[in-house]
Every structure is written in C-alpha cells, then in structure tokens.
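Below are the chains, spelled out letter by letter.
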Amino acid sequence: MKYQGVLFDFDYTLGDSTVPIVMGYQRSMEQMGWPAPTAEQVKPTIGFTLMDGYTMLTGDKDAQRRQEFYRRFQENVGEKALERGERAMVERTRLFPGTAELLTALREAGVHTGIVSTKLGSTIVQIFRFNGLEDALELVVGGGDVQRPKPDPQGLNGAMARLDLRPEEVLFCGDTTIDARTAQAAGTDFCAVLNGVTPAEDFAPLPHVHIAPDLGELRSWLGL
C-alpha cells in the first residue's frame, strides 16, 4: 500500500451519533429559550464545533451564549453526562458497516490508524471500547486536545508527529469539506467518505484522491 498511515474523522465517517447529538441540541437550546431544532436541521452542523453549530442554527454569535450552549450540551449528553453515568452518546452512537473490518485490515497490514475529530477524544475512546474495538486505533486526537479546530491542521499535524509520519505517507479520510481543507492544509492526501450529508460534488473543487461511497468500497480501493 502507498500509505504508512490512514487517519479518519469520526462523526459521519466512521460513526453516526445523530440520535444523541440531536438530543443534546434539543435539550440545550430549549433550556436557553430557543425552539428545539429538528434532526434535519441539526445534521448539517455535525462536523463543526458545537459552538459553531449553535450559531449556524440560531444566528447568535455572542461568545458567552455560545459557551453556555457548549456547557449545557456537555451536561445533557456529553462529557459531564458520561461522568454521571448517562451514556447516550456512547451507547446510542453506531459505527458504520465496515468500520471494524477496515480498521482491522489496516492494522493487520501494518498501517498506522487514528482519529482526528472535533468530538472529545475521551468520548470516542469510550464508543470504541463499548463496541469492543478499543485496540483498533493507535491514537485519538479530539476537540479538547487542540486550540484550533479543523480546518486548521493542528490536530492532524499532531497526530502525524506522534506516529512519526510525513504528510506524503498519510491519507486522511472524512465526510465534509472541512476535512478536505484540513488535509490540504496539512499536506496529506484526502479521501471523501459519503456517509454524511455532504454530496460528492461538493468535494470536486478540493484536492482529493478518491471519493468512497462507503467504508467497504474504501477498503477495496486501498487494496485490503
């Protein structure tokens, strides 16, 4: 295989947290006096930071209210909820078909694997542990591990440094144009995965080496 490392976004690339994310948006926005958004309204925000998602849905750019929304989301379904034993984000997230097979095949081929996501890394680790795949990844770089979220390449650059990989040795896979721009900024190849809401044509203007309709096809394209 051409690549020494294949790194992934998480939400709508390897896993689907739509149910608990929508729950978190609805509860948190209602607590702040906003109408509860529908699932179809929330879906396009997934992949952005929670605070940016709040602004996308409300138009509210006030820094304190953006931070309040983030705090309420974590209390309702996120990190703080998990600390209380409320595990909706872990137990109601489903991994996409082909996730386990792809990650296992990469590791068996000696290829480094990891995740670079805006989701908190500790939550992703618990999701993989819940699904019996805690050994499928070498590292997880989450939103709490960086100062600058994607498309800034800080997280992807940090992952490559930890794995001792050069950009030309790495493929980054994601479902949004944010992920494509992250790969471009870091100098890695990019593969779009169409598990989310971004259509294939949106990736056309951005550098990419492949557009995979699903993870099974991505595995085949990688020759695994």
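Refer to the structure presented above.
**Let's talk about the state of the cysteines**
Inference 1: Under the defined criterion, the tally for this structure stands at zero disulfides.
Inference 2: Counting only cysteine sulfurs, C191 is the nearest neighbor of C173, a cysteine outside any disulfide, at a range of 4.7 Å.
Inference 3: Residue C173 is classed as buried on the basis of its relative accessible area of 0%.

**Some thoughts on the sheet that holds strand 7 (residues 189-193)**
Inference 1: Ordered in space as 5-4-1-6-7-8, the six strands form an open sheet in which the pairing is parallel. A strand with exactly one partner marks an edge of an open sheet, and here the two such strands are strand 5 (139-141) and strand 8 (210-212). The mean angle between the axes of side-by-side strands here comes to 25°, regardless of whether they run parallel or antiparallel.
Inference 2: Across four bridges, the pairing between strand 1 (residues 5-8) and strand 6 (residues 170-174) is parallel.

**Observations regarding the environment of R94**
Inference 1: Looking at where R94 falls in the secondary structure, it is placed in strand 3 (residues 94-95).
Inference 2: In sequence terms R94 and G15 are 79 residues apart; their C-alpha atoms lie 5.7 Å from each other.

**Concerning the packing of helix 1 (residues 18-31) against helix 4 (residues 63-76)**
Inference 1: Between helix 1 and helix 4, whose axes approach to 9 Å, the crossing angle comes to 125°. If you check the angle between helix 1 and helix 4, you find them oblique. Here helix 1 runs over helix 4; the crossing is right-handed. Across from I21, G24, Y25, R27, S28, M29 and Q31 in helix 1, the residues of helix 4 making contact are F69, R72, F73 and N76.
Inference 2: When the residues that make up the contact of helix 1 with helix 4 are grouped by side-chain class, the tally is five nonpolar, four polar and two charged.

**Notes on the pairing of strand 6**
Inference 1: Burial analysis of strand 6 places five of its five residues in the buried class, the great majority of the element.
Inference 2: Residues of strand 6 alternate between two faces, with V170, F172 and G174 on one and L171 and C173 on the opposite face, all of them buried.
Inference 3: Here strand 6 runs beside strand 7; their pairing, made up of four bridges, is parallel. Looking at strand 7, one finds that F172 is bridged to F190.
Inference 4: A crossover connection joins strand 6 to the parallel strand 7 through helix 10 (residues 177-186); in handedness this β-α-β unit is right-handed.

**Focus on the side chain of T99**
Inference 1: Tracing the backbone through its elements, the reader meets T99 in helix 7 (residues 99-108).
Inference 2: For T99, the side chain forms a polar contact with the main-chain oxygen of F96, separated by 2.9 Å.
Inference 3: Residues within four places of T99 in sequence aside, it is in contact with L14 and L215.

**So, the pairing of strand 1**
Inference 1: Here strand 1 shows no split at all, with G5 and L7 on one side and V6 and F8 on the other all buried.
Inference 2: Note: strand 1 against strand 4 (residues 112-116), four bridges, orientation parallel. Across the sheet, G5 pairs through a bridge with H112, a residue of strand 4.

Basis of the calculations
Residues numbered from 1 in each chain as written. Predicted model: local features only at pLDDT ≥ 70, side-chain atom pairs only at ≥ 80, totals over all residues. Heavy atoms only, no water. Disulfide = S-S within 2.5 Å. Buried < 20%, exposed > 50% of the residue type's maximum accessible area, 1.4 Å probe, protein only. Pairing = 2+ DSSP bridges. Helix = DSSP H or I, 4+ residues; strand = E, 2+ residues; numbered from the N terminus. Axes fitted to C-alpha atoms, helices over the stretch in contact; angles between N-to-C directions. Parallel < 35°, antiparallel > 145°, perpendicular 65-115°, else oblique. Left-handed = near helix turned anticlockwise from the far one by under 90°. Contact = heavy atoms within 4.5 Å. Nonpolar A, V, L, I, M, F, W, Y, C, P; charged D, E, K, R; others polar. Right-handed = clockwise from strand over helix to strand, strands pointing away. Polar contact = N/O pair within 3.5 Å; in protein donor to acceptor, adjacent residues only side chain to side chain.

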